[in-house]
Amino acid sequence: MFAKLESYPAALLELVAKANTAAKAIPPLFPLSANVAVNPFLGQTGEPLAVTAARLERAGGARITPPRTYWRQKLEAGSITEADLQDALAAVEGRFNAPNLQNIKAALASETAEPKALPTVAELAAEVSGIDWPGLVEDRVSVWAASHFDQGQALWQQDGTGGAFSAWRDFAARDLTPEIHGLTGFCAFAADTNRSHWRAIGRASETLGVNSSAATTAFHRWLMTLGGWAQYSRYLLWQAELEGKQDSTVTELLAIRMVFDEALFELYKDQIQARWAEAVAAHQAPVTPSADLVIDAVLQEAAERAGQRALEAKLLQGKPLQTEGRPEVQAAFCIDVRSEVFRRALEAQSSSIQTIGFAGFFGLASAHKAAGSDVTERRNPVLLQPGMASQAGETGQADLNRRYSARAKRAWGRFKLAAVSSFAFVEAAGPIYVGKLLRDALGLNGQPAADPAPVMDPEIDLESRVGMARSVLTAMSLTENFARIVLLAGHGARVTNNPHESALHCGACGGYAGDVNARLLASLLNDPSVQAGLRDKGISIPSDTVFVPALHHTTTDDLILFEQDLPDGMPRQDLKQLKTWVAAAGSLARAERATHLPRADHAAAIARRARDWAETRPEWGLAGCRAFVAAPRHRTGSADLSGQAFLHNYDWQRDERFGVLELIMTAPVVVASWISLQYYGSTVAPSVFGGGNKLLHNVVGGIGVLEGNTGAPRPGLPWQSVHDGTGLQHDPLRLTVVIEAPREAMSEILKRHPGVRELFDNGWLHLIAMDGEGKMAWRYRPGLKWVRFNERSEPPRAMAAE
């Protein structure tokens, strides 16, 4: 048993606190099976962009705003105006030495130098020895970590009991590679470290002269060198905290990385001691943005204000869509920006069609088990814990047959890869696979059949089901005037040979497709007993209304109806017309999207891209996302938002005590901010927060992808997801949130949720209140203040940076 933390010396306890802070500065990397977008600046939301830029320059050598040439081109093109620059200058924080307009214009004439992180001991040792110690450290940590964290890809797995640090000590005590390269005695050095990773951190800190004042950014720097391994460990901590537990894997990896530098320091101390002391002193200094970083933050703000002007113009140009009387179809889609294109196309088919935007998990946070599987899939936002259980409605012999088939397939796969049989298998069975290779290459393989309809846990009683249904319908602002057909469309992506497939699925569904949630909700709302309970609560669903679940394939813009889920006796006569409208809408959406995709010269090419195993850009995902609008649909009307806006239906006048508004601001808005900032980070800092080149990807451990055959997993989005080969397809702008609701109500919600408030106070999100005429009227400012949207204000008096 290790000693309890309370028994550690005070100096070590200070380092423990700093290590835990550094762990929280790392964003989580969710595994490929449920790879959701993550805000790469999650650990820095408590500070503004300029300070974060200074921090990440020190810890990661990262530039987190576009280059000056990017802004200069926008100014020359007129998309950013001098008025935007003046407004951005007026908004800059007074605690920095605020530049003036002349400083900004002068800065645009030249590019800033590439940022350089403070050196690690390994980097200093490499300079004096000519040995690539940083590469070697990364390689040896990655060889161990790929096996330790493996999620079923490897046939043989190492024993991981005792935690990451203990497992690494056992590995390092037998790994001769560092010694072969010149780190003499490293096996014994690793074996002699204290079994407590906290003690190991303490000893390494003492050896390296890192005290508590230097530790925050020094520890952050070491974790940044571990790339995706540190981020996957942060995911383990994220999941543990959701369940009310703790996990120390991130800080154990920190200890591993520090042990390497401790050993290298002992070897090269005489040659690098002075320079390392300079690095430690630099880590002790406060994190303060330079004048150039403040200017870059002003340019970023100006671009976002220009984008807000463009959004305002589009909203004012749209013609409000109003359906008089009872609509024929109400179609609820996820708020995902890709749905905006399809919704607009569907509404164009008939004035009797209404569309609704709602979070794609449809308010049912489900721990789901697919057909023939005991694996629990969390089909809900990663911010939440599942609130219910569900499973595919298949039992008896059909379930057994599916399980037998899956086991046989797994056994065959292991036989093909086993050490003894793999070579003989290729020689003997290779020709048999010619047909499969041809079918795959030509995209002739069909799509797998859908699972049987999911069913809720039977332990959920009727009262609870009625409450769930009422909550969902209220949150959708759909409590009256139901259409005969209410379409509930989740979304997913059809792609081939793409490790990042789950990143194209529904983020609100935890990186899975939204079909299960849509089918569960349709089943719930079609239940006569639930409808009877809703009537008692003031929500009357007509007897001829049918809720139809569907899945929108965002890669092909096909929309598949799960009409087989409808209960016997449900009216189906109107589905034929619905299918005609849906097919026509899909054609329109494909034609619009084809104009933006490389080598998609016509709409028919869209479907082929989904089946092409060599296609690196089957779709653009959420590239281009820049706005979130929560308002009645007639506010966005027929405005062409180009698939760049999250659209959430919301009517504040129906929202008693603003419970729905609070839900929107604390869940969908936060999820949208993660998506927006992941695209932002992958665009402006691809070397640190991007997924690299798809052509070089190799899956490691079922967790992530390597760029090549070694190293740490690459987090974030591949370069092909944000760049078409000639230019960026994502304009790196922080998300603008527009909500039609009283400002006082929004301020009260921000008071109750400091984590959400800091996103707005520090500029990671912009908040704008829409007035009763549908105009962007008020802008949120730090400190729960509001100013007129188009109000001009004087720049703050310059103050010395802290």
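Residues numbered from 1 in each chain as written. Predicted model: local features only at pLDDT ≥ 70, side-chain atom pairs only at ≥ 80, totals over all residues. Heavy atoms only, no water.

(A) Broad picture of the sheet that holds strand β15 (residues 766–770). Spatially, β11-β10-β14-β15-β16-β17 is the arrangement adopted by the six strands of the open sheet, whose pairing is mixed. Each edge of the open sheet carries a strand with a single partner, namely β11 (645–649) and β17 (785–788). Averaged over all pairs of adjacent strands, the angle between strand axes in this sheet comes to 25 degrees, irrespective of strand direction. With four bridges joining them, strand β16 (residues 776–781) and β17 adopt antiparallel strand pairing. Bridge pairing in β17 links Arg781 to Lys785. (Pairing = 2+ DSSP bridges. Helix = DSSP H or I, 4+ residues; strand = E, 2+ residues; numbered from the N terminus. Axes fitted to C-alpha atoms, helices over the stretch in contact; angles between N-to-C directions.)

(B) Looking closely at unusual backbone geometry. For Arg657, which is not glycine, the phi torsion reads 60 degrees and is therefore positive. Summarising the element assignment, Arg657 is placed in the loop between β11 and α26 (659–666). Arg657 gets classed as exposed once you look at its relative accessible area, which sits at 71%. Its identity as a non-glycine residue notwithstanding, Leu784 has a phi of 60 degrees, on the positive side. Here Leu784 lies in the loop between β16 and β17. (Buried < 20%, exposed > 50% of the residue type's maximum accessible area, 1.4 Å probe, protein only.)

(C) Focus on empty space enclosed by the protein. Under the defined criterion, the tally for this structure stands at seven cavities of 30 Å³ or more. Of the volumes computed, that of the largest cavity is approximately 340 Å³. Lining the largest cavity we find 31 residues, and of these Cys506, Gly507, Ala508, Val671 and Ile675 sit closest to its centre. With seven residues, the single largest contributor to the lining of the largest cavity is helix α27 (residues 668–684). Across the lining of the largest cavity, the residue classes break down as 21 nonpolar, eight polar and two charged. (1 Å grid on protein atoms, 1.4 Å probe; cavity = no way out; pocket = protein on both sides within 12 Å on 5 of 7 lines; lining within 4 Å. Points joined across faces, edges and corners; volume = space filled by probe spheres on them. Nonpolar A, V, L, I, M, F, W, Y, C, P; charged D, E, K, R; others polar.)

(D) Just the sheet that holds strand β5 (residues 388–392), in detail. On the basis of which strands lie adjacent, the open sheet formed by four strands has the order β4-β3-β5-β6 and mixed pairing. Of all the strands in the sheet, the pair left with one neighbour each is β4 (376–379) and β6 (454–456). Between one strand axis and the next, the sheet turns by 30 degrees as a mean value, whatever way the strands run.

(E) Region of interest: the confidence of the model for the protein chain. Averaged over all residues, the pLDDT of the protein chain equals 91, while 94% of them reach at least 70. Throughout residues 794–802 the model reports pLDDT below 50, and contacts reaching past four residues in sequence, or to other chains, amount to 23 contacts. (pLDDT = per-residue confidence, 0-100. Contact = heavy atoms within 4.5 Å.)

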